[in-house]
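Observations on the model geometry
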Amino acid sequence: MTMHQADIIRTTQAVAVFGANGHTGRFVVAELLRRGLKPIAIGRSLGRLAEAGFPERGVECREAAIEDDAALDRALAGVAAVINCAGPFMDTADAVVRAALRADIHYLDVTAEQPSVQATFDRHEAAAAKAGVVVIPAMGFYGGLTDLLVAALMNEWQHADTIEVRVALDSWLPTKGTRVTGEKNKAQRLAVSGGKLGPVHQPPAEKVSVLPAPFGRQTFVELPFSEVPLIARHIRTMELHSFLSTTALRDVRDPSTPSPQAIDETGRSAQRFAVEVIVTQGDLHRRILAQGQDIYAVTAPIICEAVQRILSGDIRDTGAKPPAAIFHAASFLGALGPHLSVETSISTETPGITGTAR
């Protein structure tokens with residue numbers, strides 16, 4: 001960490017939220033306020049930021065567009081970190097990372113897009129290391145959460161034979177941003193097979209697994225998100241495959257599926273999720289299961305916990321790296337207790353698998 005960065009940490013707890021008036025951005029602003037940090041809402045329009053109710057809550061609003069470097073620089077003045085919640089991230093991440101590096105501040109985003117994660121690492125690894133700042137793409141439900149779950153399972157293991165991720169959603173009511181990203185992101189999905197990162201085999205594999213209520217027996221199809229480039233960057237494994245429940249896939253691909261509907265004062269939807277990770281080495285299987293409510297809402301405590309740890313200096317390294325290379329995974333997951341239930345097990349029997357569906 002540079003001396004200049006240490007001075008920033010000591011003098012300000014301001015955190016910019018780019019895309020603050022979006023669905024996830026509003027959760028992030030609320031979580032920063034709850035943690036006693038100072039959010040600064042950034043968007044293309046001060047009017048839309050005002051419509052989101054930020055001024056009434058004492059949140060400073062600043063206007064900037066990704067096409068305007070000067071406006072981005074003004075918007076990031078005096079902050080310690082920026083959280084990018086404005087997707088598609090292939091359109092926004094590069095500009096916001098560059099602005100963060102010009103300001104010598106930390107950058108995090110919530111992308112589920114594999115190409116965006118890879119581009120952030122490839123383009124900004126050297127500059128982030130030189131500046132001594134933290135740059136973490138995909139520090140949300142998709143990407144960062146799974147990376148931390150895998151690292152916690154690996155513990156003292158230096159490599160794995162296989163890593164398998166299964167994401168079950170009892171429904172997926174997509175936001176407008178999710179739909180726009182899905183329409184624009186046509187890149188091949190990547191997995192690790194035979195120790196090498198490459199396109200998912202076609203047709204994608206299907207698996208059947210039994211999870212706790214409310215899920216029960218679930219069919220999953222291989223559909224990896226941003227967790228794969230994160231995990232593959234720092235964990236050695238011969239196989240890494242990530243699956244999504246077919247229930248969720250049907251919802252998100254159906255144009256008639258409505259957007260999320262709030263059921264409580266925090267704005268969370270009724271959606272339930274489960275993320276099951278199984279890591280194998282020889283005959284030994286380690287399993288971790290994380291469960292919670294609303295994938296968009298839970299992204300806020302995940303990324304805000306990351307920012308708070310960075311600002312307090314509770315990190316293992318700096319630079320452009322996956323979450324588990326920056327934070328102690330088990331400690332981080334433990335801090336998410338109010339928002340996430342996590343249980344682990346070790347066995348010589350592969351847990352939860354009832355067969356392969358074709």
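Please refer to the structure placed before this passage.
Here is a short report on the structure shown in this document. Here the structure is a predicted model, which means the values were calculated and not measured.

This next bit is on the packing of helix H2 (residues 23-34) against helix H11 (residues 295-312). Between H2 and H11, whose axes approach to 8 Å, the crossing angle comes to 45 degrees. Here H2 lies oblique to H11, going by the angle between them. Both H2 and H11 take part in a crossing whose hand is right-handed. Residues His23, Thr24, Phe27, Val28, Glu31 and Leu32 of H2 touch H11, and the partners they reach there are Tyr296, Ala297, Thr299, Ala300, Pro301, Ile303 and Cys304.

Turning to the side chain of histidine 106, a few remarks are in order. Following the sequence through the fold, histidine 106 ends up in strand E5 (residues 106-109). Only 2.9 Å separates the side chain of histidine 106 from the backbone nitrogen of valine 134, close enough to count as a polar contact.

What follows deals with unusual backbone geometry. A cis amide bond links glycine 87 to the next residue, proline 88, at an omega of -5 degrees. By the secondary structure assignment, proline 88 is in the loop between strand E4 (81-84) and helix H5 (89-103). Each neighbour pair has its own omega, and for alanine 213 with proline 214 the value is 10 degrees, a cis peptide bond. With respect to the helices, strands and loops of the structure, proline 214 is situated in the loop between strand E10 (206-211) and strand E11 (216-222). Unlike most non-glycine residues, alanine 138 shows phi in positive territory, near 65 degrees. For alanine 138, the position within the fold is in the loop between strand E6 (134-136) and helix H7 (144-154). Phi is positive for asparagine 155, which is not a glycine, with a value near 50 degrees.

We now examine the pairing of E11. Bridge analysis of E10 against E11 gives six bridges, and the strand direction is antiparallel. Residue pairing for E11: lysine 207 is matched across the bridge by phenylalanine 220. Here E10 hands over to E11 after four residues, the two strands then running antiparallel side by side.

Turning our eyes to something else, we now look at the state of the cysteines. Taken as a whole, this structure holds zero disulfides when the rule is applied. Free cysteine: cysteine 85, not disulfide-bonded; nearest cysteine sulfur from cysteine 304 at 8.2 Å. On the basis of relative accessible area, cysteine 304 is assigned to the buried category, the value being 0%.

The next subject is the packing of aromatic side chains. Counted under the stated rule, the structure contains six aromatic pairs. Aromatic side chains tyrosine 142 and phenylalanine 225 sit 4.4 Å apart centroid to centroid with 35 degrees between the ring planes, which places their arrangement in the tilted category. In this pair, tyrosine 142 sits in the loop between E6 and H7 while phenylalanine 225 sits in the loop between E11 and helix H9 (227-234), placing the two residues 83 residues apart along the sequence. According to the relative accessible area criterion, tyrosine 142 is buried, its value standing at 9%. One aromatic cluster is present, built from ring pairs that chain together Phe141, Tyr142, Trp172, Phe225 and Phe273. The ring of phenylalanine 225 carries arginine 189 above its face, with NZ or CZ at 4.9 Å from the centroid.

A sheet is described by the order of its strands in space; here seven strands give the open sequence E3-E2-E1-E4-E5-E6-E15, paired in parallel fashion. With partners counted over all chains shown, the strands left at the sheet margins are strand E3 (60-63) and strand E15 (319-320), one partner each. Pairing of E4 with E5, which is carried by four bridges, proceeds in the parallel orientation. Across the sheet, the residue bridging to isoleucine 83 is leucine 108, located in E5. Strands in contact with H11 are strand E1 (14-18), E4, E5 and E6; relative to E5, the strand with the most contacts, it is inclined by about 165 degrees.

Scoring rules and cut-offs
Residues numbered from 1 in each chain as written. Predicted model: local features only at pLDDT ≥ 70, side-chain atom pairs only at ≥ 80, totals over all residues. Heavy atoms only, no water. Axes fitted to C-alpha atoms, helices over the stretch in contact; angles between N-to-C directions. Helix = DSSP H or I, 4+ residues; strand = E, 2+ residues; numbered from the N terminus. Parallel < 35°, antiparallel > 145°, perpendicular 65-115°, else oblique. Left-handed = near helix turned anticlockwise from the far one by under 90°. Contact = heavy atoms within 4.5 Å. Polar contact = N/O pair within 3.5 Å; in protein donor to acceptor, adjacent residues only side chain to side chain. Pairing = 2+ DSSP bridges. Disulfide = S-S within 2.5 Å. Buried < 20%, exposed > 50% of the residue type's maximum accessible area, 1.4 Å probe, protein only. Phe/Tyr/Trp six-rings, centres within 6.5 Å; stacked < 30°, edge-to-face > 60°. Lys NZ or Arg CZ within 6 Å of the ring centre and 35° of its normal.

The values reported here are purely geometric and, on their own, carry no functional implication.
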